[in-house]
Amino acid sequence: MITNPNVKVNLGLNVLRKREDGFHDLETLFVPYFGIHDTLEIITGDDYSRTSAALFAKYGDRLPSSQGSLKPEGVFGVETEESLSPKIVQGISEDGKLMITIAREEGVDWNPLDDLCAKAYMMLAADFELPSVKIFLEKTSPVGAGLGGGSADAAFALKMLDELCSLGLSEQQLALYASRLGSDCAFFIWNRPMIGRGRGEILTEFPLDCLDAYDIQVISPAGISVSTAEAYGGIVPQVPEVPLTEALNRPVEQWDGILVNDFETTVFVKHPELAAIKKSLYDSGAVYASMSGSGSALFALYRK
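What counts, and at which threshold
For every chain, the first residue of the written sequence is number 1, and numbering continues from 1 onward in sequence order. With pLDDT at 70 or above as the cut-off, local features in this predicted model cover only qualifying residues; side-chain atom pairs require 80 or more to be listed or tallied, and sums for whole chains, interfaces and linings still use all residues. Values shown for side chains rest on all heavy atoms present in the structure; no hydrogens or waters enter the calculation. Numbering of helices and strands runs from the N terminus, with a helix taken as a DSSP run of H or I at least four residues long and a strand as a DSSP run of E at least two residues long. Radius of gyration here uses only the C-alpha atoms, and the compact-globule reference equals 2.2 Å multiplied by the residue count raised to the power 0.38. Here's how the labels work: a residue is buried when its accessible area is under 20% of the maximum for its type, exposed when over 50%, partly exposed in between, all with a 1.4 Å probe on protein chains only. Strand pairing follows a simple DSSP-based rule, namely that at least 2 bridges must link the two strands. Aromatic pairs are defined between Phe, Tyr and Trp rings, using the six-membered ring for Trp, whenever the two ring centres lie within 6.5 Å; interplanar angles under 30 degrees are classed as stacked, those over 60 as edge-to-face, and all others as tilted. Two conditions define a charge located above a ring, namely a distance within 6 Å from the ring centre to NZ of Lys or CZ of Arg, and an angle within 35 degrees of the ring normal.

Describe the overall build of the chain, and please don't skip the residues or the numbers.
Summing up its helical and strand segments, the chain has nine helices and 13 strands in all. The globule rule puts the C-alpha radius of gyration for 304 residues at 19 Å, and the 20 Å found for the chain is close to it. Summarising its shape, the C-alpha atoms of the chain cover approximately 55 × 45 × 40 Å along the three principal directions. The buried share of the chain, reckoned over its 304 residues, is 55%.

Printed below as a string of C-alpha cells:
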C-alpha cells in the first residue's frame, strides 16, 4: 500500500497559557496543504515493494553491513560525499518484525527506529497481533519547518496499518493513538480544516469555504530548521484580544494583524531572514502571510 502524506499550515496559533504538566494550551486552525508530501509504502510479509528499487537507485545502491558501523545496532546507512548524513538508512527492530527504510536528499540524521512511522507500528503492535511489515519512506517534506510532515507520516502509517491488518479501528480510535505520538498527529487522521486546542490534539471541525477563492503558496527556506524548544524560548503566553474563531470569520483581507502566530515573536528575533521573507510575500501581493507552526516555513494567500 502506498500513500502520500501531505503537510499542513496553521491559520493563527495562539499560545494561551502554560499547563501544570509542562505543556502549553494552544489554539490554532490546522489546514491541510497538498502541494508538499512524502511517499510512504507499507507492505506485509514478503509482499512486493513498488518503491524500494527506485529509492535505492535514487539515493544509494546498497546498504553497508552492520560490521564496523557507527550507527546503533540494526541501523545501516549509505554515506555520501555531499552529505555528512546518509541519504538512505534502514533499521530492523530487535524482534525482526519491522524493517523501516527512510530516504531523504538532504540526509537522514535520525535513527529510523525512532521515526514516528516506526513508533506507530510498535504502538499498535503492543495492543494487536501485527504481522511483520516493511516500511519505505521517501522524505521530501521539510524537516523542522512547522509543516507537520513527520506527524503526517505517523498518522498515515496508522491508517495504513489499520487497513492492511484489518484492525477495524474507527477514526476516533486512530486519532487517540495518533495523539500519543505528537500534538498535531491526530489532525492528519481527519485531514480537513479543524480547530486544534489543548496541545493541539483536541479537534473541532471548522469549514473554511473562504479559502476556495485563494491560492496558498508555501515557502520553506533552505538551511533553516527551528526546534520546538527554540520556538518556545522566551514566549509569553497570552489570550488574544480577538478570539481565533472570531478572527477567522472576518474577511481574509482583515486577517493581517488579528490572526497571528505567537511563535513569530520569538522565531523572527533569532531568524530575521524569516521576517524579511514574510514582508516580501506581502510585497508580492499576498492578502495574508504567516509562519506555519513553530517555523521555519511561511505561507501566503493570494486571491485567484
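Can you explain the pairing of strand S4 (residues 39-44)? Please cite residues and give values.
Across the six residues of S4, six count as buried, placing the element largely inside the fold. Every second residue of S4 is oriented toward a common face, with Thr39, Glu41 and Ile43 on one face and Leu40, Ile42 and Thr44 on the other, all of them buried. As paired elements, strand S1 (residues 2-3) and S4 share two bridges and run antiparallel to each other. For Ile2, the partnering residue across the bridge sits in S4 and is Glu41. As paired strands, S4 and strand S8 (residues 133-138) are joined by six bridges and run antiparallel to one another. Within S8, the residue paired with Thr44 across the bridge is Val133.

Talk me through the packing of aromatic side chains; I want residue IDs and the actual numbers.
Applying the stated criterion across every chain, the model contains five aromatic pairs. Measuring from ring centre to ring centre gives 4.9 Å for Phe187 and Phe188, while their planes differ by 65 degrees; the resulting arrangement is edge-to-face. Within the aromatic cluster, the residues linked to one another by ring pairs are Phe30, Phe187 and Phe188. If you follow Lys159 out to its NZ or CZ, it ends over the ring of Phe156, 4.4 Å from the centre.

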